[in-house]
Amino acid sequence: MDPIVVEIIKGALKACGDEMESVIVRTSMSPFIREKGDHFSGLTDRHARLLYTTNDRAGPGMIEAIWEKYPADAMKPGDVYWMNDPYLLRGAISHLPDMCFIAPAFFGAELIGFSLCFGHFWDIGGSRPGSISPNSTDIFQEGLAVPQVRIVDQGRLNDDLYRTILRNSRFPEMLEGDTRAMMAATKIGQSRLAELFERYGHDLVEGSFEELLSRSEKVVRKHIAQYSRPGRYTFADYVDDDCVTDTPYRIELSVEIKGDGVALVDCTGSDNQAKGPINYLLHPDICRMMFSRFLLRDDRSVFQNQGAYRSIAGVKLRAGSILQPTRPAPMGLRAHTLHRFLNGVLGVFAQATDGGTPAGSPDYVIVIIHTLDPQTGKYVLCTDGLGVGQGARPFADGLDVIYSRRQKNYPIEFLEGTYAMRIERYGIAPDSGGPGKYRGGLGIIRDYRVLADNVTLATRMANRKTPPWGVKGGQAGRTGGIWVNPGRPGERFVPGFSDGIKLNQGDLVRVVSTGGGGYGDPLDREPAQVEDDVADGFVSLAAALTDYGVALDPKTLCVDRDATLRTRLARRAQRKGPLPFFDRGPQFEAMESRRLPQTGNVKELGVCRT
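Residues numbered from 1 in each chain as written. Predicted model: local features only at pLDDT ≥ 70, side-chain atom pairs only at ≥ 80, totals over all residues. Heavy atoms only, no water.

*Asks:* Help me understand the overall build of the chain in this model?
*Replies:* Within the chain one finds 13 helices and 23 strands. For 610 residues, the compact-globule formula gives about 25 Å, and the C-alpha radius of gyration of the chain, at 25 Å, lands near that figure. If one aligns the C-alpha atoms of the chain with their principal axes, the spans along those axes are about 80 × 65 × 50 Å. Out of the 610 residues in the chain, the part that is buried amounts to 60%. Restricting to contacts in the chain with at least 6 residues of sequence separation, those with at least 24 account for 73%. The centroid of the 74 positive side-chain charges in the chain is displaced by 2 Å from the centroid of its 75 negative side-chain charges. (Helix = DSSP H or I, 4+ residues; strand = E, 2+ residues; numbered from the N terminus. Rg over C-alpha atoms; globule rule 2.2 N^0.38 Å. Buried < 20%, exposed > 50% of the residue type's maximum accessible area, 1.4 Å probe, protein only. Contact = heavy atoms within 4.5 Å. Lys, Arg positive; Asp, Glu negative; His and termini not counted. Charge placed at Lys NZ, Arg CZ, Asp CG, Glu CD.)

*Asks:* I'm lost on the side chain of serine 292 in this one. Help?
*Replies:* With respect to the helices and strands, serine 292 occurs in helix H7 (residues 284–295). Apart from the residues lying within four places of it in its own chain, the contact partners of serine 292 are Val220, Gln304, Ala308 and Tyr309.

*Asks:* What exactly am I supposed to notice about the packing of helix H4 (residues 159–167) against helix H5 (residues 172–200) here?
*Replies:* The relative placement of two packed helices comes down to the angle between their axes together with the axis-to-axis distance. Taken N-terminus to C-terminus, the directions of H4 and H5 make an angle of 130 degrees; their axes are 9 Å apart at the nearest point. Overall, the two elements H4 and H5 adopt an arrangement that is oblique. Our pair here, H4 against H5, has a crossing hand that is right-handed. Listed contacts from H5 to Tyr162, Ile165 and Leu166 of H4 are Pro172, Leu175, Glu176, Thr179, Arg180 and Met183. The residue makeup of the contact of H4 with H5, split by class, is six nonpolar, one polar and two charged. (Axes fitted to C-alpha atoms, helices over the stretch in contact; angles between N-to-C directions. Parallel < 35°, antiparallel > 145°, perpendicular 65-115°, else oblique. Left-handed = near helix turned anticlockwise from the far one by under 90°. Nonpolar A, V, L, I, M, F, W, Y, C, P; charged D, E, K, R; others polar.)

*Asks:* I'm lost on the layout of surface pockets in this one. Help?
*Replies:* Taking a probe equal in size to a water molecule and rolling it over the atoms shows the remaining empty space. In this structure, the largest pocket occupies an estimated 1,500 Å³ of space. Lining the largest pocket are 48 residues, and of these Asp56, Arg293, Arg297, Arg300 and Arg405 lie nearest its centre. Secondary-structure elements contributing two or more residues to the lining of the largest pocket are helix H1 (3–27), strand S2 (50–53), H7 and helix H8 (335–352). In terms of residue count, the dominant contributor to the lining of the largest pocket is H8 (five residues). Considering the residues around the second largest pocket, the lining is formed by 17 residues, among which Phe171, Glu173, Met174, Lys378 and Tyr379 are closest to the centre. Taken together, the elements giving at least two residues each to the lining of the second largest pocket come down to helix H2 (31–34), H5, strand S13 (379–386) and helix H9 (412–418). Of the residues belonging to the lining of the second largest pocket, the class tally is eleven nonpolar, two polar and four charged. (1 Å grid on protein atoms, 1.4 Å probe; cavity = no way out; pocket = protein on both sides within 12 Å on 5 of 7 lines; lining within 4 Å. Points joined across faces, edges and corners; volume = space filled by probe spheres on them.)

*Asks:* I would appreciate a short explanation of the packing of helix H6 (residues 202–227) against H7 in the present structure.
*Replies:* At their nearest, the axes of H6 and H7 sit 9 Å apart, and the two run at 70 degrees to each other. One finds that H6 runs roughly perpendicular with respect to H7. Two secondary-structure elements touch here, H6 through Val220, His223 and Ile224 and H7 through Ser292, Phe294 and Leu295.

*Asks:* What's the story with the sheet that holds strand S18 (residues 481–484) in this structure? I'm lost.
*Replies:* In any sheet, the strands associate via hydrogen bonds between backbone groups, in a parallel or an antiparallel arrangement. Spatially, five strands are ordered S14-S15-S21-S18-S19 in an open sheet, and the strand pairing comes out antiparallel. The open sheet has two edge strands, strand S14 (421–428) and strand S19 (492–494), and neither has a second partner. Going across the sheet, the axis of each strand differs from the next one's by a mean of 20 degrees, ignoring polarity. Relative to S19, S18 is paired through three bridges, and the arrangement is antiparallel. The partner of tryptophan 483 across the bridge, within S19, is phenylalanine 493. (Pairing = 2+ DSSP bridges.)

*Asks:* Would you take a moment to explain the nonpolar core for this structure?
*Replies:* A general feature of soluble globular proteins is that nonpolar side chains tend to end up buried together. Grouped together as the largest cluster of nonpolar side chains are 56 residues, with contacts concentrated most on Phe291, Leu323 and Phe341. Counting residues per element, the ones that place at least two in this core are H6, strand S8 (231–239), strand S9 (249–258), strand S10 (261–266), H7, strand S11 (312–318) and H8. In terms of residue count, H8 provides more of this core than any other element does, nine residues in total. Phenylalanine 341 has contacts with Ile251, Leu253, Cys267, Leu282, Cys287, Met290 and Leu323, leaving out every residue within four places of it along the chain. In this structure, Ile33, Phe101, Ile124 and Phe303 belong to the second largest nonpolar core, which totals 49 residues. (Core = buried A, V, L, I, M, F, W, Y, C linked by side-chain atoms within 4.5 Å.)

*Asks:* Sorry, what's going on with the pattern of salt bridges here?
*Replies:* Pairing of side chains with opposite charge becomes possible as their charged atoms draw close. With the rule as written, the count across this model stands at 45 salt bridges. Linking arginine 192 and glutamate 19 is a salt bridge whose minimum nitrogen-to-oxygen distance equals 2.7 Å. Taken as a pair, arginine 192 in helix H5 and glutamate 19 in helix H1 lie far apart in primary sequence, 173 residues in all. For arginine 192, a relative accessible area of 27% gives the class partly exposed. According to the relative accessible area criterion, glutamate 19 is partly exposed, its value standing at 27%. Between arginine 510 and aspartate 447 there is a salt bridge, with the nearest N and O atoms lying 2.8 Å from each other. (Salt bridge = Lys/Arg side-chain N within 4 Å of Asp/Glu carboxyl O.)

*Asks:* Honestly, empty space enclosed by the protein in this entry has me stumped. Any pointers?
*Replies:* With the rule as written, the count across this model stands at three cavities of 30 Å³ or more. Asp38, Asp98, Arg334, Tyr364 and Gln407 are, among the 36 residues lining the largest cavity, the residues nearest its centre. Looking at the lining of the largest cavity, the elements with two or more residues in it are strand S5 (110–120), H8, strand S12 (365–372) and S13. Take the lining of the largest cavity: its biggest share by element is three residues, from H8. For the lining of the largest cavity, the class distribution of residues is 17 nonpolar, eleven polar and eight charged.

*Asks:* I tried to follow the packing of aromatic side chains on my own but got confused; where do I start?
*Replies:* Each pair of aromatic rings is reported with the distance of its centres and the angle of its planes. Under the criterion given, the structure shown has 21 aromatic pairs. Ring plane angle 85 degrees and centroid distance 5.5 Å describe the contact between phenylalanine 32 and tryptophan 122, whose orientation is recorded as edge-to-face. Within this pair, whereas phenylalanine 32 is found in helix H2, its partner tryptophan 122 is found in the loop between S5 and strand S6 (149–153), the two being separated by 90 residues in sequence. Each member of the pair, phenylalanine 32 as well as tryptophan 122, carries the same accessibility label: buried. Taken together, the ring pairs in this structure connect Trp82, Phe101, Phe121 and Tyr162 into an aromatic cluster. (Phe/Tyr/Trp six-rings, centres within 6.5 Å; stacked < 30°, edge-to-face > 60°.)

*Asks:* Teacher, can you tell me more about the sheet that holds strand S16 (residues 455–460) here?
*Replies:* Spatial strand order, S13-S12-S16-S20: four strands in an open sheet with antiparallel pairing. Looking at the sheet topology across the chains shown, the edges are occupied by S13 and strand S20 (497–503). Adjacent strand axes in the sheet meet at a mean angle of 15 degrees, parallel and antiparallel pairs treated alike. When S12 meets S16, the two strands line up antiparallel, connected through five bridges. Within S16, the position partnered with isoleucine 366 by the bridge is arginine 460.

Have a look at this one:
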């Protein structure tokens, strides 16, 4: 293949994905998509192999689900397909609010590929505004499930079906605006794929697709062969509870690395499915994607595409487990299990590379505030996502206050201008990052003053029982909490997963989010870095001494080097042995000892298709 043409086609795929994203952002209506950026666009070839994606946790498996009802030879130019049922999608979409749209692209009468996207929609029905309640015990409480439907047939909108779906939302205008934005984006993808074939011809474009897939595969295999020791590695993490019981749920990965590939990802040791909505239906190709996203991190010259998954072979799952639940198990809060799985991937490679990964990171925090306006009969809903600290890296501190890698939290001006609330405090949570040679990223403190009456609060904060782990001597991150009216009469501590908390006008809700795990021995941290952290308000004066062994003058905040040297020498002398490779926090071992054996049917979802 001509490398110049391959690069042009590669750039065209990315430009198309970016254009689709721009259409979604500029024409959608809900804050989740427009302000926060919770959406995705992607392109595949005619075999449904992912060529380009704007989200490294979604994309594979959508088209195969559509083919079960609408085979490729039955598709026509101008068609658009819509669905969101996670069970029919086998986890390609993992909860109901993420509705996906798929459009086949044609060059003349020939099917040449697919354009696809999804967005997290503001409300699709269910028991609570926003369609995600921590109290849900089956998927029917979480909103409308759309099976495979042809919403646009050769350019003609199925208006009867469309109006039926919109009628099931508490915010039909937002749903209409967002779904039309998605359909417009898929049409962009259809057009751009056809233009590529028209410009370069069938053989050259498809040959370039094969080359791009092959390049990604080579990078992943090279990374595994160079940096990972062969062997079998196991890592486990916990979700605090399932929202409706106090039971913690364990997510376990056992991974076998051979040569330049991952021979097996065995997830069968994970706990049985939960009663509450933390279940995560793991699609095998998305499992492979989560491995390749780490393995591609150092090489930006290739795409996250189907070729990157070829080096990750067998995926073994157990039916009825938290990673392979059976219908109608709820899945609205599956992100907490997804994040524990992602941390498990890092935990496996931390062992295989002797600490060549970041430390553990916590889950983002969600605060949901809603009410019903008695004058208009309309719902008012605010779903606010808050940042947390990320795990420290082998070469630097963890990133502070990250909501989600490619998403944003709401500007304060938007919140105060749209909802009856006032943000009275928004700042760094001192000492929240796990101590280490490199400090874990820091969480935040945010205070909401409620300016309306009869308001209901729901919360989503994990990592209280099992904070994000530190690695190679680094300590676990520090946990957060949620309070109503802190320091005042009637102060209430709010559970991490809760719903139906009643608030009155004037109440204050305080959220303190969790920090990331630390990397390396805290006594190896440069005293000048600790001095800077104290001056910035990131680390307290007391924690500088207790966590890092750094003595500072309380007036000048300058390092007392002699006192620091004495303190650190004394601390090292008191140690009874080397620091643990992983620091899991104070409750992890107790949770492990109380765990009961899990059983169920095992299925191996073989090698990645080529």
